[in-house]
Amino acid sequence: MLYNYLKIALRNLLKYKGYSAINMLGLAVGIACCLVIMLFVAGELGHDHFWANGERIYRMALLRKYPDRQTGYAIIPPSYAASVKKDFPEVEEAVRLSKFNPGGTIQVKWEDRVFEEKDFYGADSTFFKVFQVPMVKGDAATCLQQPKSLVMTESTARRYFGSAEAAVGKTVTLLGNQPEPMNVTAVCADLPENVHFNFDLLATTAGVRFWEQTNHINFAACTYLLLRPGADWKALEAKLPGLVERYAAGEVQRSFGVDYDQYVKAGNGWHYFLQPLRDIYLHSKLEAELKPTGSMTLVTIFSVIAAFILLIACINFVNLATARSAERAREVGIRKALGSERLQLAGQFLTEAVVLSLLSAVLAVGLVALLLPVFNTIADKQITLRDFFTGWGMAALPVFAIGVGLLAGSYPAGVLSGFRPVEVLKGKFSSTGRGLQLRNGLVVFQFAISVILMISTLIVLSQLNFIFEKQLGFDKEHVVNLQNTFALGPKTEAFKQELEKIPGVEGVGGASETPGGQQYFGVSFKVPGSAETVTGRGLIVDDRFVGAMRMELLTGRSFSKDFNDSLSVVLNEKAARDLGLTDPERALGQRITMTGSFFDPEDRDVEFTVAGVVRDFHFQSLHEPIVPLFMLYHQVSQRRDGALAVRVQPAHFQSFIQAASAKWKELMPDQPFRYTFLDADLAALYNDEQRAKRLFVLFAGLAIFIACIGLLGLAAYLTRQRTKEIGIRKVLGASVSGITGLLAKDFLKLVVVAILIASPIAYWAMNRWLADFAYRIEIQWWVFAVAGAAAVTVAFLTVGFESVRAALANPVKSLRTE
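Engineer: Account for the overall build of the chain, with residues named and values stated.
Structural biologist: For the chain, the helix and strand inventory stands at 28 helices and 24 strands. A buried classification covers 53% of the 818 residues belonging to the chain. Accessible surface, the chain as shown: approximately 35,500 Å² in total, 57% of it carbon and sulfur.

Engineer: A description of the environment of I312 should follow, citing residues and the corresponding values.
Structural biologist: Topologically, I312 is positioned in helix 11 (residues 296-323). Separated by 138 residues in sequence, I312 and S450 have C-alpha atoms that sit 9.4 Å apart. Residues contacting I312, with those up to four places away along its chain left out, are Q446, I449, S450, A703, I706 and A707.

Engineer: Can you tell me about the environment of Y272, naming the residues and giving the values?
Structural biologist: With respect to the helices and strands, the residue Y272 is situated in strand 13 (residues 269-276). For Y272, a relative accessible area of 2% puts it in the buried group. For the pair Y272 and A61, spaced 211 residues apart in sequence, the C-alpha to C-alpha distance is 5.6 Å. Not counting residues up to four positions away in its chain, the partners in contact with Y272 are M60, A61, L62, I76, P77, Y80, H216, L240 and V244.

Engineer: Describe the side chain of R59, with residues and values.
Structural biologist: Structurally, R59 is set in strand 1 (residues 57-66). In terms of polar contacts, R59 uses its side chain to reach the side chain of E289, at 3.0 Å.

Engineer: Give a detailed account of the packing of helix 18 (residues 492-500) against helix 22 (residues 653-667), specifying residues and quantitative values.
Structural biologist: Packed helices, taken two at a time, are described by the angle between their axes plus the distance between the axes. Where helix 18 meets helix 22, the closest approach of the two axes is 10 Å, and the angle between their N-to-C directions is 155°. Considered as vectors, helix 18 and helix 22 are oriented roughly antiparallel to each other. The two elements helix 18 and helix 22 cross, and the hand of that crossing is right-handed. The segment helix 18 lies against helix 22, with F495, E498 and L499 engaging F656, A660, K663, W664 and L667.

Engineer: Give me the nonpolar core: which residues, what numbers.
Structural biologist: One recurring pattern in soluble globular proteins is that nonpolar side chains are buried together. Membership of the largest hydrophobic core comes to 115 residues, with the highest contact counts inside it found for M631 and F699. Dropping the residues within four chain positions of it, F699 is found in contact with C33, I37, F302, I305, I309, F375 and L453. Ranked by size, the runner-up nonpolar core spans 61 residues in total, among them Y121, Y224, L240 and A249.

Engineer: Could you give me a rundown of the pairing of strand 2 (residues 69-73), with the residues and numbers involved?
Structural biologist: Counting buried positions along strand 2 yields four of five residues, so the element is predominantly enclosed. Pairing analysis gives five bridges linking strand 1 to strand 2, with the strands arranged antiparallel. Bridge pairing in strand 2 links K65 to Q70.

Engineer: Tell me about the pattern of salt bridges, residues and numbers included.
Structural biologist: As enumerated under the stated definition, the model contains 30 salt bridges in all. Residue E552 pairs with R615 through a salt bridge whose shortest N-O separation is 2.7 Å. One end of the pair, E552, is in the loop between helix 19 (545-548) and strand 18 (553-556); the other, R615, is in the loop between strand 21 (606-614) and strand 22 (629-633), and 63 residues separate them in sequence. Each member of the salt-bridge network shares a partner with another, and the members are D475, E506, R550 and R647.

Engineer: Outline the packing of aromatic side chains, listing residues and values.
Structural biologist: Here a ring pair, both rings aromatic, is described through the centre-centre distance and the interplanar angle of the planes. Applying the stated criterion across every chain yields a total of 33 aromatic pairs. Taken together, a centroid distance of 5.7 Å and an interplanar angle of 20° make the contact between W51 and F197 stacked. Note that W51 is positioned in the loop between helix 2 (17-45) and strand 1 and F197 in the loop between strand 10 (180-188) and strand 11 (201-204), a separation of 146 residues in sequence. Per residue, the accessibility class of W51 equals that of F197, and both read buried. Their ring planes at 40° and their centres at 6.4 Å tell us that Y763 and F784 sit as a pair that is tilted.

Engineer: An account of helix 3 (residues 80-87) is requested, with residue identities and associated values reported.
Structural biologist: For helix 3, every residue scored as buried is listed here: Y80, A81, S83 and V84. Burial along helix 3 is one-sided: seen end-on, the buried residues are contained in an arc of 170°. Opposite the buried face of helix 3, by more than 90 degrees, sit the exposed residues A82 and K86.

Engineer: Explain unusual backbone geometry residue by residue, including any values.
Structural biologist: Of note in this structure, D48 is not a glycine but carries a positive phi near 65°. Among the secondary structure elements, D48 is positioned in the loop between helix 2 and strand 1. With relative accessibility at 0%, the residue D48 sits in the buried group. One non-glycine residue, E111, lies in the positive phi region at around 55°. Checked against the element boundaries, E111 lands in the loop between strand 4 (106-110) and strand 5 (113-117). Residue classification places E111 among the exposed positions, given a relative accessible area of 59%.

Engineer: Describe in detail a nonpolar patch on the surface, supporting the description with residues and values.
Structural biologist: On the surface, a nonpolar cluster with roughly 220 Å² of combined accessible area is contributed by L358, I402 and L406. Within the secondary structure layout, I402 lies in helix 15 (residues 393-416).

Engineer: I'd like a description of the pairing of strand 12 (residues 222-227), backed by residues and values.
Structural biologist: The buried count for strand 12 comes to six of six residues, which makes it a mostly enclosed element. Going residue by residue along strand 12, you find C222, Y224 and L226 tucked away on one face and T223, L225 and L227 tucked away on the opposite face as well. Sheet analysis places strand 3 (residues 91-99) next to strand 12, joined by six bridges and oriented antiparallel. Opposite V91, over in strand 12, you have L227 as the bridge partner.

Engineer: Describe the environment of F673, and please don't skip the residues or the numbers.
Structural biologist: Counting through the fold element by element, F673 comes out in the loop between helix 22 and strand 24 (675-677). The class of F673 is buried, set by a relative accessible area of 16%. F673 sits 16 residues away from I657 along the chain, and the two C-alpha atoms are 9.6 Å apart. Contact partners of F673, with chain neighbours within four places excluded, come to L482, I657, A660, S661, W664 and K665.

Engineer: Tell me about the confidence of the model for the chain, and name the residues and values.
Structural biologist: For the chain, the average pLDDT comes to 80, and 83% of its residues sit at 70 or higher. The least confident element of the chain, judged by mean pLDDT, is helix 16 (residues 421-425) at 53; the most confident is strand 12 at 94.

Engineer: Summarise the side chain of E289; cite the residues concerned and give the values.
Structural biologist: Of note, E289 is situated in the loop between helix 10 (280-283) and helix 11. The class of E289 is buried, set by a relative accessible area of 14%. One polar contact links E289 to S284, side chain to side chain, over a distance of 2.4 Å. In this view, E289 contacts R59, A74, I280 and S284; residues no more than four positions away in its chain are not counted.

Engineer: Describe helix 5 (residues 154-161), and please don't skip the residues or the numbers.
Structural biologist: Residues of helix 5 that are buried include every one of T156, A157, Y160 and F161, and no others. Axial view of helix 5: buried residues confined to an arc of 105°, hence all on one face. One or two residues past the end of helix 5 sits G162, with phi positive at roughly 95°.

Engineer: How would you explain the state of the cysteines if you had to name every residue and give the values?
Structural biologist: Using the criterion set out here, one finds zero disulfides in the structure. Not engaged in a disulfide, the cysteine C34 finds its nearest cysteine sulfur in C33; these two sulfurs lie 8.4 Å apart. Of the residues examined, C34 reaches a relative accessible area of 7% and is grouped as buried. Residue C188 stays outside any disulfide, its sulfur separated by 8.1 Å from that of C143, the closest cysteine. Of the residues examined, C188 reaches a relative accessible area of 0% and is grouped as buried.

Procedures and definitions
Residues numbered from 1 in each chain as written. Predicted model: local features only at pLDDT ≥ 70, side-chain atom pairs only at ≥ 80, totals over all residues. Heavy atoms only, no water. Helix = DSSP H or I, 4+ residues; strand = E, 2+ residues; numbered from the N terminus. Buried < 20%, exposed > 50% of the residue type's maximum accessible area, 1.4 Å probe, protein only. Areas by Shrake-Rupley, 256 points an atom, 1.4 Å probe, with all protein chains shown as cover. Contact = heavy atoms within 4.5 Å. Polar contact = N/O pair within 3.5 Å; in protein donor to acceptor, adjacent residues only side chain to side chain. Axes fitted to C-alpha atoms, helices over the stretch in contact; angles between N-to-C directions. Parallel < 35°, antiparallel > 145°, perpendicular 65-115°, else oblique. Left-handed = near helix turned anticlockwise from the far one by under 90°. Core = buried A, V, L, I, M, F, W, Y, C linked by side-chain atoms within 4.5 Å. Pairing = 2+ DSSP bridges. Salt bridge = Lys/Arg side-chain N within 4 Å of Asp/Glu carboxyl O. Phe/Tyr/Trp six-rings, centres within 6.5 Å; stacked < 30°, edge-to-face > 60°. Arc of directions from axis to C-beta. Patch = residues over 30% accessible without salt bridge, like charges linked within 9 Å, V, L, I, M, F, W, Y side chains within 5 Å. pLDDT = per-residue confidence, 0-100. Disulfide = S-S within 2.5 Å.

Laid out in structure tokens, this is it:
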């Protein structure tokens, strides 16, 4: 019986080649999109499943509360690791992990070679107890116990020494102001890409004064807890507020000069919470993450898109199969007259659907091979067909294809097998109104999904255009960022002077960080005599930085060598307002106190004088509101400029890079010359949004393509049913445009209904997406008009092609055929 079903199914597919081709192409594209997205989703959901004890590891994170805002941080004060382990028996082990120079690099020298390392981390000696990384050589229990110990991954050891075995026992040097030797004590296996941090080198925190100081209020490191088996992490989390009161209260009094309860009543505070390790990548959106995180929202959105695209392809099958019901009615009538039962006929039609789906799945694998490079470029992933063939893909594909075939074929099989043989054989069969309503409803659903994707794409594009065109409060154009310039040390000033001599250079400014970077440190100020402390971000700059970035000074001046500015501060408007200095002119000369100054070895308060106030500028992404910013100045011998911002005339970019590189090599022959462009650095803050935009464009295009394939096939069959009507109308004088409009208008009505349904859904969904931005567009009416017009145009062109062909046909031939 099954053999007979298969044979007849193949005959029918070959007999109706156009119908089979349309359905197969639509299903193949739908399945291919679904497979690509499933590979993406599987990779995203698989993050941090590498760790053996992953279900028992939690990260202790922080929601820092300020009087007018709150910010989440992945890093917390370093002393809590020991405090949590000491106070809570359910904590088996704790480890602190910190990335050196986030966003930049660390130079490591071995013999006469210098290596530039992006993924250089520091960790406690307990690291390998919490994170069980396989060791290639060395002892995991002791490799980080001694000061100046260093662990390399296997691939890094090969880069340096040729083999992992040769690495252990070697001494390498960290370059910087003060070169520091490090002893390689072990080599571990490389970490996979799908973990939320990746290191190439791991240095010990043992013997480092900063890590051994007591600090429960200034955050500095990620802290991970390994809980004992069976421990309730929610119950542990509930105990954390008591930990803050126990350890932070005294430090608040010493650092901020106010009572802890008073400090909290003013709206300040630390709320600690636990994050399951395997939730961090997709669910954490905190500052100072060790590595860019993913988005569960994006995973959900594209999972839904995959389901909808596949559903659109299945709808094509249903529409075409039910539209062809009149052609197969006589076949069903004869089969039933000869004794076939309804269940047997349904089995035959389902077999045809499954065979078509299986053939489409084979074609889909080829399409996946073509689509993956495009998808990887857009999504910044490294998914390969090997991931599909070596994983669940090969086993799941046939099951998936059969499921799609059953889903798409179940309704047509039920309709076709239910025809009454007497009526069919007497020629009384006609398509039911119910079947027409279903087809119309399915067409509306297809185009509603397509219109939602088009509207979403347009809104994402509009928001990104708003971001890139918004005035940031400084001039981001034509600025070259020279990286790792802190290594220059006392040579910094000489290098700046050499840069200023290069033709085309309009300004050179040094700072601990440039706009868009991650190295803005936390700092707190208050007006003497006031109990209100303002916490914001700190930035160390030189006397040229404000001018080089073309920031607008509202009052006062920037730093200058003509003054003793070591204890001067320049505020942004937000900092001045929060300090109660609402009139910028009156802020000049105001003394304000830095509480718990990191400039003072004994953590004492230091008094500064306001030298100027600059207009608020966006030094973070537009996801974040502008917060108080305090720009501080250090003398040349003390300052560490993490980057130099050089404004260069566009015509001189190439010659400037060559000249600057040559000057760098003269001063720092062992250090690589690195640079970026400020506008590109700022654009990188929105990589997730740009990826989402490109993916929306891709999948919206594919959804519309699949819907149009089905619409073309449906229009062809319905037009064929009206061949006699078209012939009579032409004989009676109907024009080609009139007949085309007559045939197309019913489809266009459905598209208009789809637009009316899709618009409020898209508005609601994209409003939620825009809520993540502190600075955003308002959704405009023209977005819906453009998407609607595009949908109507595409539908008209699709249907119009078949309609014009029918209208141009010879009416004599049409009437004779009928």
